[in-house]
Structure formats: structure tokens, C-alpha cells
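These are the residues of each chain, in order.
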Amino acid sequence: MMDITLRRAEHSDIPGIVAFYERESDPNILRRSAREVANAVDLGAIFLFLERNQIVAASGAFAIHFREELYFEYGGTIVTRPFRGFDLQDIFTSARFCFGVLFYPESIPDRVYTFIKPDNAPSNENIKGRGFSLRETAPNPYMRPCGTCKSRASLPPGRRCCYNIYGIDMEAIRRNVRYFLEASAERTSSKGMRLEITSTLFRDARQRAILHSVIA
Ligand SMILES: CC(C)(COP(=O)(O)OP(=O)(O)OC[C@H]1O[C@@H](n2cnc3c(N)ncnc32)[C@H](O)[C@@H]1OP(=O)(O)O)[C@@H](O)C(=O)NCCC(=O)NCCS
């Protein structure tokens, strides 16, 4: 049995998270600068699974500031190999929606998007399973990097971005909140590995009350 903890990243975690992303860098995830990581941590929007105080998985909601509004891009999800197959990406996704409901309710559902490479099968499946749906495009603040993207000229007709673009609706967000509140702490992978999760996220009574009211 492996024991892991789920918690929100704190300011003192920043160097460890930057090192984790360097070490585990994966062609499927967009590289984030140390500044982007620090900003997301300080917003309270990076979540970590740790085993014996070592980061074994990370995920975040990265804010784009545009005309007084915050747009969130869900990204930066890496689950290291020994911890794959326990649906930890699903827990991250549902935790990020709880974060949105509690702290940035004005941004949901229309200012939350995620972008996934078309050939990243596990991630596309997970994100659709959490209720995200494919969109042709996203609001302008998300699409600005496409303007200078090298792949732009070779995109098939009708395709606006080399990543799949996913948005979500309110009903699916509620389902995510329910998923988070009801997620089992004990998990078994298809290979028979067992995992026990201790979560310190959104334990506060007032926060629990808000989350429960959303799914009532
Ligand atoms: C995508 C990712 C976060 C999913 O991790 P996860 O939450 O553990 O995935 P799941 O629990 O849904 O895994 C379901 C099954 O797919 C398998 N799987 C998961 N990721 C896999 C991968 N990258 N390659 C092949 N198989 C994978 C799991 O082993 C599991 O198999 P099982 O059903 O036989 O047990 C993880 O693969 C990862 O960190 N990949 C690299 C970075 C990345 O792609 N990030 C997301 C960018 S959008």
C-alpha cells in the first residue's frame, strides 16, 4: 500500500515544483516559466500529491489576466509513472473545479478551458470523462499564442489550434464537485497496486458547506 497526501502548494514549494516540472518534463505538457509557476502557486491554484514529502504528481489552474477578468487554463498536470492508473488526473480536475467554485465563481463556466494534444489519448479520455467538451475555438485571451505558433501554416482546414480545445458547462462542473466530495481515499489500479490518499484540500466547514450547496 502506498500512502500519498493531496494538498495545495504553498509559496515555499515553488522551487520544488519548478524542479519537478524540469525533471519530469513531458512533450505533452506546455513548459511553464518559473514566474508562471510562482504566480499560480500564489493564487492558490497548484495542487500536489506527495509521497513522503516528495512531489509525485502536480496540476494547476493558470490565470490569464485580460481586461479586469481572469481566464483560467487548466494545465501542468503530470502524474509520475508509479502513480498512474489511479485516476489522479480526475482528482486534480475535480479539485480545480472546487477551487473555481470557492474562489473564482465568476470565471466558471465560460472562462475555464484546457488544451490537450490530439494524440495524448489518456488525457483526452480523462478530460472528456470529467465533462469537458471539444470546442472549435476559445475566447481571444487563450488564442493569442496561436498567432506566432510554428504549426499554424500546416493546420488542417477548420482547425484553429494544434491542441484540442476543451470548454465546460455548469452542469459538468457540479458533477466534478460531487466527484471530488465523494472520491474514495482508497484506490486499486488494474495491476492490483493499492493507494491511500489523505487530502487536506477544502476541509474548512464553510468551504464544505459551499461545495455541498452547489451539488444540492
Ligand atoms: C495524462 C496523465 C496525467 C494521466 O495519468 P492518470 O490520471 O494516472 O491516468 P489514469 O488513471 O486515467 O490511467 C488510466 C490508464 O491509462 C494508463 N495510462 C495513463 N497515462 C498513460 C500514458 N501516458 N501512457 C500510457 N498509458 C497511460 C494507466 O496506466 C491506466 O492503465 P490501466 O487502466 O491499465 O490501469 C499521465 O499519463 C501523465 O502525467 N502523462 C504525461 C504528461 C501529460 O500528458 N499530462 C497531461 C497533459 S494534458
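Throughout this description, residue numbers start from 1 for each chain and increase along the sequence as written. This being a predicted model, a pLDDT of at least 70 is required before a residue's local features are given, and a value of 80 or more before pairs of side-chain atoms are given or counted; all residues contribute to the totals for chains, interfaces and linings.

Participant: Teacher, can you tell me more about the site of the ligand here?
Facilitator: Lining the immediate surroundings of the ligand are 19 residues, of which N28, R84, G85, Q89 and S190 lie closest. Taken together, the elements giving at least two residues each to the shell around the ligand come down to β4 (69–79), α3 (88–103) and α4 (121–129). Just so you know the grouping, Ala, Val, Leu, Ile, Met, Phe, Trp, Tyr, Cys and Pro go in nonpolar, Asp, Glu, Lys and Arg go in charged, and all remaining residues, Gly too, go in polar. Partitioning the shell around the ligand into residue classes produces 7 nonpolar, 9 polar and 3 charged. Throughout this description, a residue near a molecule or strand is one whose C-beta atom, derived from the backbone, lies within 6 Å of it. Labels follow the DSSP assignment, with helices taken as runs of H or I lasting at least four residues and strands as runs of E lasting at least two, numbered in each case from the N terminus.

Participant: Is there a simple way to explain the packing of α3 against helix α7 (residues 205–215) in this structure?
Facilitator: The description of two helices packed together rests on the angle between their axes and the distance between the axes. What counts as an axis is a line fitted to C-alpha atoms, over the stretch in contact for a helix, and the angles between N-to-C directions run from 0 to 180 degrees. Close contact between α3 and α7 brings their axes to 10 Å; oriented N to C, the two are set at 100°. Taken together, the axes of α3 and α7 lie roughly perpendicular to each other. For the pair α3 and α7, contact is made by C98, V101 and L102 and by Q207, I210, L211 and V214, respectively. Considering only residue class, the contact of α3 with α7 consists of 6 nonpolar, 1 polar and no charged. Small angles under 35 degrees read as roughly parallel and large ones over 145 as roughly antiparallel, with 65 to 115 read as roughly perpendicular and the rest as oblique. In this description, any two residues whose backbone-derived C-beta atoms lie within 7 Å of each other are considered to be in contact.

Participant: Just to check I follow, could you spell out the environment of D90 for this structure?
Facilitator: Turning to its location among the elements, D90 is positioned in helix α3. Backbone-placed C-beta atoms define the burial measure: a residue is buried with 20 or more other C-beta atoms within 10 Å of its own, exposed with 12 or fewer, and partly exposed in between. According to the C-beta neighbour criterion, D90 is partly exposed, with 17 such atoms within 10 Å. Sequence separation between D90 and A183 is 93 residues, and the spatial gap between their C-alpha atoms is 9.8 Å.

Participant: Just checking my understanding: could you explain the sheet that holds strand β7 (residues 164–167) for this structure?
Facilitator: Working definition: the strands of a sheet are paired by backbone hydrogen bonds and lie parallel or antiparallel to each other. Pairing is mixed in the open sheet, where 9 strands are placed in the order β6-β7-β5-β4-β3-β2-β1-β9-β8. A single partner strand is all that each edge strand has here, and the edge strands are β6 (133–135) and β8 (186–188). Each strand axis lies, on average, 30° off the axis of its neighbour in the sheet, ignoring direction. Here helix α2 (residues 34–42) sits on the sheet and contacts β2 (46–51) and β3 (54–66); the angle it forms with β3, its principal contact strand, is near 90°. At least two bridges found by DSSP between two strands is the condition for calling them paired.

Participant: What is the right way to read the environment of G158 from this model?
Facilitator: Structurally, G158 can be placed in the loop between α5 (140–143) and β7. For G158, a count of 6 C-beta atoms within 10 Å puts it in the exposed group. For the pair G158 and S189, spaced 31 residues apart in sequence, the C-alpha separation works out to 39 Å.

Participant: Looking at this structure, I do not really get the nonpolar core. What am I missing?
Facilitator: Side chains of nonpolar character tend, in soluble globular proteins, to be buried together. Judged by nonpolar contacts, the single largest core of 50 residues is most densely connected at I17, I46, A58 and C98. In terms of residue count, α3 provides more of this core than any other element does, 8 residues in total. Setting aside chain neighbours within four positions, we find I17 in contact with A9, V37, V41, I46, I55 and A58. We define the nonpolar core as any set of buried residues of the types Ala, Val, Leu, Ile, Met, Phe, Trp, Tyr and Cys, connected via C-beta atoms lying within 7 Å of each other.

Participant: Is there a simple way to explain unusual backbone geometry in this structure?
Facilitator: Note: most peptide bonds trans; most residues except glycine with negative phi. Note that the residue after I108, namely P109, is joined by a cis bond; omega there is 0°. Inspection of the secondary structure assignment puts P109 in the loop between α3 and β5 (112–116). Positive phi values are uncommon outside glycine, yet R52 reaches one of about 45°. The residue R52 is located in the loop between β2 and β3 in this model. Accessibility expressed as a C-beta count within 10 Å gives 9 for R52, which makes it exposed. Phi is positive for D87, which is not a glycine, with a value near 60°. One can find D87 in the loop between β4 and α3.

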